[in-house]
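Letter by letter, the chains look like this.
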Amino acid sequence: MPEVSSVGGSAGLAPGQRESAPNLVRYYSVADRILGIKGVDEPVLNLAHDFLSGYYLNQTNLSTTDQPVHLIEIHKSQPPASSPADSSFEIEDGHCFSIRDQITLEVNGSTIIIGPPQLQRTDIWLSASTAGRHPLALNNVILYAVQGALRRAGLYQFHAGCVISKKDRGAILLVGDSGCGKSTLTATLLLNGWRFVSDDNLLLRESAAGIEAWALRRYFTFDQATLKACHLDLFTEAVGSRVPGKEEKLRFYARQAFPEQFVDSCIPEAIVFPQVTGEAKSRIEPLKQADSLARLIRQCPWATCDAAAAPDHLQALSKLARQTRSYTLFAGQDVFAQPASIAELIAQQVEIL
């Protein structure tokens, strides 16, 4: 696994590797932070840009007062020499190696080094075979790198939906594993006039006002049956292409279908953990703060696996648990049969009417 000293300056460049020109850098703004993406040529930068276009990382010009909080550099060469790791574990499509406050990811044949916090940089060495495998392979490499860079910048990706009552009296996070009903519930609430930040992919950020939730991914994902059951298939202009690697899923651009209901950020006041049941009617039960925190941590494996970011990451989750009321929603068949009743049940039980 690469040494810490191999990341950053030209002294650590691998044989045959050249540094990219200073003007081959693009800047992206997200949650009031700026990331820099640097590449050896325009085609490499375009690969990253195409991926980022699906997220709320908006390309921006760097002003004299703005400074990027992190730089991601993409190389087209062999990665630096490796050395023994302190620990290692499997991740989706690859492996993670940890050494002190740096982590190295080997994903789909490519190598990512997320450097120590003081370096404020992440390096990607793209394998020639990565892009040739399938589009998802390249997307995974860039996503892992961006996630690591965001963690170093105090922005923590979180798989959760986020909705706001139609009277703007409270924001709710919908948290749970894939298949627990987050997207279905989000769609049901949107159709009943609620506002939204995300269905399944957002950022958590600590601020003076509390833990904030920021929109990250631009689209929702649904299978055809859920689109039809929620009547979202009627918004034909908002139904997009299939999701690479998840061919049963379609992109749904909720902001196109419900432009007045989108909110880019909010401060959550409640957390609902959905759980699909076979019962006829849905019900909600309160959850203790300690149980809520345990569930939040289970949803955020990098909160314990990325040692350099872990203390702040865990602190953010702890503050989130303290600032919110938590509930388990046992979602029954009435989610589709009587969608208006679900919005009413959540609003009443979570006390945000």
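Summary of the structure given here. (Residues numbered from 1 in each chain as written. Predicted model: local features only at pLDDT ≥ 70, side-chain atom pairs only at ≥ 80, totals over all residues. Heavy atoms only, no water.)

Brief notes about the nonpolar core
Within the largest apolar cluster, 42 residues are counted, with the highest numbers of intra-cluster contacts made by F158, L173, F252 and L296. At four residues, the largest contribution of residues to this core is made by helix α9 (residues 310-323). With near-sequence residues (within four places) excluded, L296 lies in contact with F158, V175, I271, F273, L317, L320 and A321. Judged by nonpolar contacts, the second largest core, of 38 residues, contains C96, V107, I112 and V141. (Core = buried A, V, L, I, M, F, W, Y, C linked by side-chain atoms within 4.5 Å. Buried < 20%, exposed > 50% of the residue type's maximum accessible area, 1.4 Å probe, protein only. Helix = DSSP H or I, 4+ residues; strand = E, 2+ residues; numbered from the N terminus. Contact = heavy atoms within 4.5 Å.)

Topic: empty space enclosed by the protein
Inspection of every chain in the model, using the stated rule, returns four cavities of 30 Å³ or more. Computed from the structure, the second largest cavity encloses a volume of approximately 50 Å³. In terms of lining residues, the second largest cavity is bounded by F51, L52, Y55, L57, L143, V146, Q147, L150, Q157 and L216. Looking at the lining of the second largest cavity, the elements with two or more residues in it are α1 (42-52) and α3 (135-152). Sorting elements by how many residues they give to the lining of the second largest cavity places α3 first, with four residues. When its residues are assigned to classes, the lining of the second largest cavity shows eight nonpolar, two polar and no charged. (1 Å grid on protein atoms, 1.4 Å probe; cavity = no way out; pocket = protein on both sides within 12 Å on 5 of 7 lines; lining within 4 Å. Points joined across faces, edges and corners; volume = space filled by probe spheres on them. Nonpolar A, V, L, I, M, F, W, Y, C, P; charged D, E, K, R; others polar.)

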